[in-house]
Amino acid sequence: MRKIILMMSMSLDGFIEGPERQIDWHLVDDELHRHFNDELRSMGGFLHGRVMYELMAGVWPTADADPEITPPMAEFAGIWLDMPKYVYSRTLRQADVGWNSTVVRDVIPSEVAALKAAPGGDLVLGGANLAASFLRHGLVDAYRIYVHPVRIGRGTPLFPPEGDPRPLRLEGTRTFGNGVVLLSYARP
């Protein structure tokens, strides 16, 4: 059965974006981008919220035509375009069919279970609001959290406040040359 992997970058103080949705503090160099490509290439699909999808759709469909783009970024553009995308949105009428995208209205655990039972690689989850919904339903199987060596002070937290502790099992760590640290966890 496929797993749902929450894969997100966050600041040292726990935010995934600043108060104006800015992510310009992310430290993504070629080494980290190649790592992302290696991780994502084998996935079976992206689970995006509307905001994340629109952000990605605003960049990656034409990114490889930019003469300034780095080779790892051009490679990611192809990965993103080819990968099935499930866009969770109540307001988006449709997603671009040419980008292998399907709109899903709500996070319904039985539908997510069916998606996990389908053949293919694991599913990567991104976007704060969508992640919060998947976490509320207990649908996240693993975490790949990229901690960037910066404090931004305020913004959107990666994890919404919850009442009970949720123990996790450490699967590994990795430090990148730019100071970003990957923390990989799974549910016990």
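The rules behind each value
Throughout this description, residue numbers start from 1 for each chain and increase along the sequence as written. Since the coordinates come from a predicted model, pLDDT governs what is reported: local features require at least 70, and pairs of side-chain atoms require 80 or more to be given and counted, while whole-chain, interface and lining totals use all residues. Side-chain metrics in this entry use all non-hydrogen atoms of the structure; hydrogen atoms and water are not considered. Helical segments are the DSSP runs of H or I of at least four residues, strand segments are the runs of E of at least two, and each set is numbered from the N terminus. Pairing of N or O atoms within 3.5 Å defines a polar contact, subject to two protein rules: one partner must be a possible hydrogen donor and the other a possible acceptor, and residues neighboring in sequence count only if both atoms are side-chain atoms. By salt bridge we mean one thing: a side-chain nitrogen of Lys or Arg within 4 Å of a carboxyl oxygen of Asp or Glu. Categorising residues by exposure relies on relative accessible area from a 1.4 Å probe, with only protein chains included: less than 20% of the type maximum marks a residue as buried, more than 50% marks it as exposed, and the intermediate range marks it as partly exposed. In short, DSSP must find at least two bridges between two strands for them to pair. Only the stretch in contact is used when fitting a helix axis, every axis being a line fitted to C-alpha atoms; angles between N-to-C directions are given from 0 to 180 degrees. Contacts are residue-level and defined by heavy atoms, with any inter-residue pair within 4.5 Å sufficient. Picture the helix axis, draw a direction to every C-beta atom, and the arc is the one those directions span.

Quick look at the side chain of Glu17 now. Tracing the backbone shows Glu17 in strand 2 (residues 15-17). A polar contact of 3.3 Å, which involves the side chain of Glu17, links it to the side chain of Arg21. Engagement of the side chain of Glu17 in a polar contact is seen with the side chain of Thr156, the distance being 2.8 Å.

Taken as a whole and assessed by the stated rule, the structure comprises 10 salt bridges. One salt bridge connects Arg174 with Glu31, and the closest N-O pair in it is separated by 3.9 Å. Here Arg174, found in strand 9 (residues 169-175), pairs with Glu31, found in helix 1 (residues 30-41); they are 143 residues apart in sequence, far enough to count as distant. When its relative accessible area of 29% is taken as the criterion, Glu31 is described as partly exposed.

Okay, the sheet that holds strand 5 (residues 101-104) next. The sheet built from eight strands is open, its strands ordered 5-4-3-6-1-7-10-9 with mixed pairing. Single-partner strands in this sheet number two, and they are strand 5 and strand 9. Here the strands of the sheet are splayed against their neighbours by 20° on average, with no regard to which way each runs. Sheet contacts for helix 1: strand 1 (4-11), strand 3 (45-49), strand 6 (123-126), strand 7 (142-148), strand 9 and strand 10 (181-186); angle to strand 7, the most-contacted strand, approximately 170°.

Here we take up helix 5 (residues 109-117). Of all the positions in helix 5, only Val112, Leu115 and Lys116 are classed as buried. Seen end-on, helix 5 carries its buried residues on one side only, within an arc spanning 100°. Seen from the open side of helix 5, the exposed residues pointing more than 90 degrees away from its buried face are Ser110 and Ala117. Buried-residue contacts for helix 5 involve strand 1, strand 3, strand 4 (85-88), strand 6 and helix 6 (128-136).

So far we have only geometry, and geometry alone does not tell us how the molecule works.
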